[in-house]
Amino acid sequence: MPDQEDTKTLYLPQYKQPNNFHHDLNVDLAIRVRHEFTRHEFGKHEHDTNFNSCLGYQTRTRHGPNTNTNFFVSYPCRHEYTNFPNTNTENSCRIRVVLFVSCPNGQFNHFPIKMSVLQHNHIAASLSSSTSSFLAQNGFDALRPQIVSVPQKKAGICKCVATSPAEQTAYKTKVSRNGNIAKLQAGYLFPEIGRRKAAHMLKYPDAQVISLGIGDTTEPIPDVITKAMAKRALGLSTVEGYSGYGAEQGEKELRARLASTFYANLGIEEDDIFVSDGAKSDISRLQVLFGSNVTMAVQDPSYPAYVDSSVIMGQTGEYQIDVEKFGKIEYMKCTPENDFFPDLSKVSRTDIIFFCSPNNPTGSAASREQLIQLVKFAKENGSIIVYDSAYAMYVSGDTPKSIFEIPGAKEVAIETASFSKYAGFTGVRLGWTVVPKELKYSDGFPVAKDFNRIVCTGFNGASNIAQSGGLACLSPEGLAAMREVVGFYKENTQIIVDTFTSLGFKVYGGKDAPYVWVHFPGQSSWDVFSEILEKTHVVTTPGSGFGPAGEGFVRVSAFGHRNNVLEACRRFKELYK
């Protein structure tokens, strides 16, 4: 295989040597960890060809918050040099090695490196932000903060090559980094979990790892839907069936069908609906619409895209380590003690209120009475509610599926929704946002007109093939097929609920959402996540990743094949029996 190369370089001492040579030496690795939480792990692999297999090194430390710890690791390695410049000037070398680091919620100082390995069994997974790799010469005076991504390799040969002194300083533009992005404390939660899963699979290559963490659907898209998409795709190869750009707001027939299917008798019309490539994308578009000068409130815990997009837009202050919150965000605490609905009498007025029901991650759905309170609160404060209804089809009974079931909501609310968790469209990408014409800014200008401008400026419309799939979803056969898919995941949810309940855990959610919220009192969410992954090879999601009120909880997703869910529950019983 060709060399795989990272972008950071660690320079060895300079040498005067002949053109071709090798030498044996110790490679010194130094890591400084800024401890903001409780546990940190790091490991390395040897890459000397004298070793028949990779040798592992691992250490765990426990520290109080806001302390520094220095790690030094040294290992022997042979370095080969070819075509080394034979000049009278000294030339430096760059050493290429692989170090993988797993550190929940920490900050690192490090020295930049450049890595390349002739490897086997390459596992593609990058670690960044709170799980980044750092290497340095022995001595911390040379250390400086950076964020790097490091591909993990299972085995390889460490090599050195010649480099000129001019290469030691990489070219830099004069463009400053967006300071708002720099505020973000760690990698986005779900890619972070994916990286840790990849590291675990590297450590245990023969383990059957089951993922009940990231809420990604697993069951095939019903064929009544895929046949419609296939027909549209094949039609694009004909003169009669070809179409190019469509309306940015979505195809007229699909918008009309969405209005009649999900908002019948609620006063929502087709021109209130904007079809998109998914609710998550629309959340960011809405943030662009609102701009940087608004204030926002969010459920705590909640889907992390709300907070992260607010930080990126510049709506927030700095991250406050002591309370694990960003300044200028109103965190509306939602816990078992308040039935997962905030005490609005204690919530300060904000311009925007992000509210998800059924909630991700707690699985709790707001009652009609609670949503009446929320709409009243928004009206009294002149706020706009962004209501995320991505799991509405999982709702049963009289629990509202749309915020627009509440009188007066059209004057204060926007609703986002998606086909992702109904039809398995997590990869197809199709959603919609409802912006009622009754919703207006303080000067009386319709919000929908500005959102239309945002959509037309930054989006060319959802895929025409995906929109054909959306139309098929809303046919009688498609709706029946989606209900069957939702019913399957709800059965998975009940299996998980029954498992943890039988083990004596307090369990929440699971009725109106495909998520089970399990309480581990007195324990760190990341510690529980790590223990479950290490001892059962099952991926979950740490509750603290959704906000400080999620500490002590773990979210277990019901998105999985039935056999995998049953096997995961068997392992849970073995672990906690």
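Check the entry above for the structure.
Residues numbered from 1 in each chain as written. Predicted model: local features only at pLDDT ≥ 70, side-chain atom pairs only at ≥ 80, totals over all residues. Heavy atoms only, no water.

A.B. asks: So what's going on with the overall build of the protein? Residues and values would help.
C.D. replies: Assigned secondary structure in the protein consists of 13 helices and 29 strands. Here the protein holds 577 residues, and the buried ones make up 54% of them. Put simply, of all contacts in the protein between residues at least 6 apart along the chain, 77% involve residues at least 24 apart. Carbon together with sulfur atoms contributes 50% to the accessible area of the protein, which is approximately 25,200 Å² in total. (Helix = DSSP H or I, 4+ residues; strand = E, 2+ residues; numbered from the N terminus. Buried < 20%, exposed > 50% of the residue type's maximum accessible area, 1.4 Å probe, protein only. Contact = heavy atoms within 4.5 Å. Areas by Shrake-Rupley, 256 points an atom, 1.4 Å probe, with all protein chains shown as cover.)

A.B. asks: Outline the pairing of strand β21 (residues 352–356), listing residues and values.
C.D. replies: Summarising burial for β21: 5 of the 5 residues are buried, a large majority. Of the two faces of β21, the one lined by Ile352, Phe354 and Cys356 and the one lined by Ile353 and Phe355 are each fully buried. Relative to β21, strand β17 (residues 296–300) runs parallel, the two being bridged by 3 bridges. Looking at β21, one finds that valine 298 is bridged to phenylalanine 354. A crossover links β21 with its parallel partner strand β22 (residues 384–388), the connecting element being helix α7 (residues 368–381), and its sense is right-handed. (Pairing = 2+ DSSP bridges. Right-handed = clockwise from strand over helix to strand, strands pointing away.)

A.B. asks: A description of the sheet that holds β17 should follow, citing residues and the corresponding values.
C.D. replies: Here 7 strands make up an open sheet; going across it, the order is β16-β24-β23-β22-β21-β17-β20 and the pairing mixed. With one partner strand each, in any of the chains shown, β16 (273–276) and β20 (329–333) form the two edges of the open sheet. Between one strand axis and the next, the sheet turns through 20° on average, direction left out of account. Bridging between strand β23 (residues 413–418) and strand β24 (residues 431–434) involves 4 bridges; their strand directions are antiparallel. Note that in β24 the partner of glutamate 415 across the bridge is valine 434. (Axes fitted to C-alpha atoms, helices over the stretch in contact; angles between N-to-C directions.)

A.B. asks: Describe the packing of helix α4 (residues 252–262) against helix α10 (residues 464–473), with residues and values.
C.D. replies: Between α4 and α10, the shortest axis-to-axis distance is 10 Å and the interhelical angle comes to 35°. The crossing of α4 and α10 is left-handed. Contact residues: α4 offers Glu253, Leu254 and Arg257, while α10 offers Gln467, Gly470 and Leu471. (Left-handed = near helix turned anticlockwise from the far one by under 90°.)

A.B. asks: Kindly report on the sheet that holds strand β29 (residues 553–557), identifying the contributing residues and their values.
C.D. replies: Strand order across the open sheet formed by 4 strands is β25-β26-β29-β28, with antiparallel pairing between neighbours. A strand with exactly one partner marks an edge of an open sheet, and here the two such strands are β25 (507–509) and β28 (541–542). In this structure, strand β26 (residues 515–519) lies alongside β29, joined through 5 bridges in antiparallel fashion. Directly across from histidine 519, in β29, lies its bridge partner phenylalanine 553.

A.B. asks: Provide a residue-level description of the pattern of salt bridges, including the pertinent values.
C.D. replies: A side chain of one charge can pair with a side chain of the opposite charge when the charged atoms of the two come close. Counted by the stated rule, this structure contains 21 salt bridges. The partner of glutamate 270 in a salt bridge is lysine 252, with the nearest N and O atoms 2.6 Å apart. In this pair, glutamate 270 is assigned in the loop between α4 and β16 and lysine 252 in helix α4, connecting sequence segments 18 residues apart. Looking at glutamate 270, the relative accessible area reads 26%, which means it is partly exposed. A salt bridge links arginine 285 to aspartate 277, with the shortest nitrogen-to-oxygen separation between them at 3.0 Å. (Salt bridge = Lys/Arg side-chain N within 4 Å of Asp/Glu carboxyl O.)

A.B. asks: Tell me about the packing of aromatic side chains, and name the residues and values.
C.D. replies: Taken as a whole, this structure holds 27 aromatic pairs when the rule is applied. Consider the rings of phenylalanine 500 and phenylalanine 505, whose centres lie 5.6 Å apart with planes at 75°: the pair is edge-to-face. Residue phenylalanine 500 is classed as buried on the basis of its relative accessible area, which comes to 1%. When the ring of phenylalanine 505 is compared with that of phenylalanine 520, the centres are 4.8 Å apart and the planes differ by 50°; the resulting orientation is tilted. Pair noted here: phenylalanine 505 is in the loop between α11 (476–502) and β25 and phenylalanine 520 is in the loop between β26 and α12 (525–536), with a separation of 15 residues, a long-range link. Across this residue pair, the class does not change: phenylalanine 505 and phenylalanine 520 are buried. Of the aromatic side chains, those joined through ring pairs into one cluster are Phe190, Tyr303, Tyr306, Phe340, Phe354, Tyr508, Trp517, Phe546 and Phe553. In this arrangement the basic side chain of arginine 196 is found over the ring face of tryptophan 526, its NZ or CZ atom lying 4.0 Å from the centre. For the cation-ring pair, arginine 555 lies above tyrosine 515, with the distance from its terminal atom to the ring centre recorded as 4.0 Å. (Phe/Tyr/Trp six-rings, centres within 6.5 Å; stacked < 30°, edge-to-face > 60°. Lys NZ or Arg CZ within 6 Å of the ring centre and 35° of its normal.)

A.B. asks: Explain the environment of lysine 203 to me, using residue names and the numbers behind them.
C.D. replies: Position of lysine 203 among the secondary structure elements: in helix α2 (residues 189–203). Looking at lysine 203, the relative accessible area reads 39%, which means it is partly exposed. The spacing of lysine 203 and glutamate 534 is 331 residues in sequence and 9.9 Å in space, taken between C-alpha atoms. Polar contacts involving the side chain of lysine 203 include one to the side chain of glutamate 534, which spans 3.5 Å. (Polar contact = N/O pair within 3.5 Å; in protein donor to acceptor, adjacent residues only side chain to side chain.)

A.B. asks: Provide a residue-level description of the side chain of lysine 421, including the pertinent values.
C.D. replies: Structurally, lysine 421 is set in helix α8 (residues 420–423). Look at lysine 421: it is buried, it has no salt bridge, and the nearest opposite charge is aspartate 216 at 7.1 Å. Looking at lysine 421, its side chain comes within polar contact range of the side chain of tyrosine 391, at 3.1 Å. Ignoring any residue separated from it by four or fewer positions in sequence, one finds lysine 421 in contact with Gly215, Thr217, Ala390, Tyr391, Tyr394, Thr426, Val486, Tyr515 and Phe559. (Lys, Arg positive; Asp, Glu negative; His and termini not counted.)

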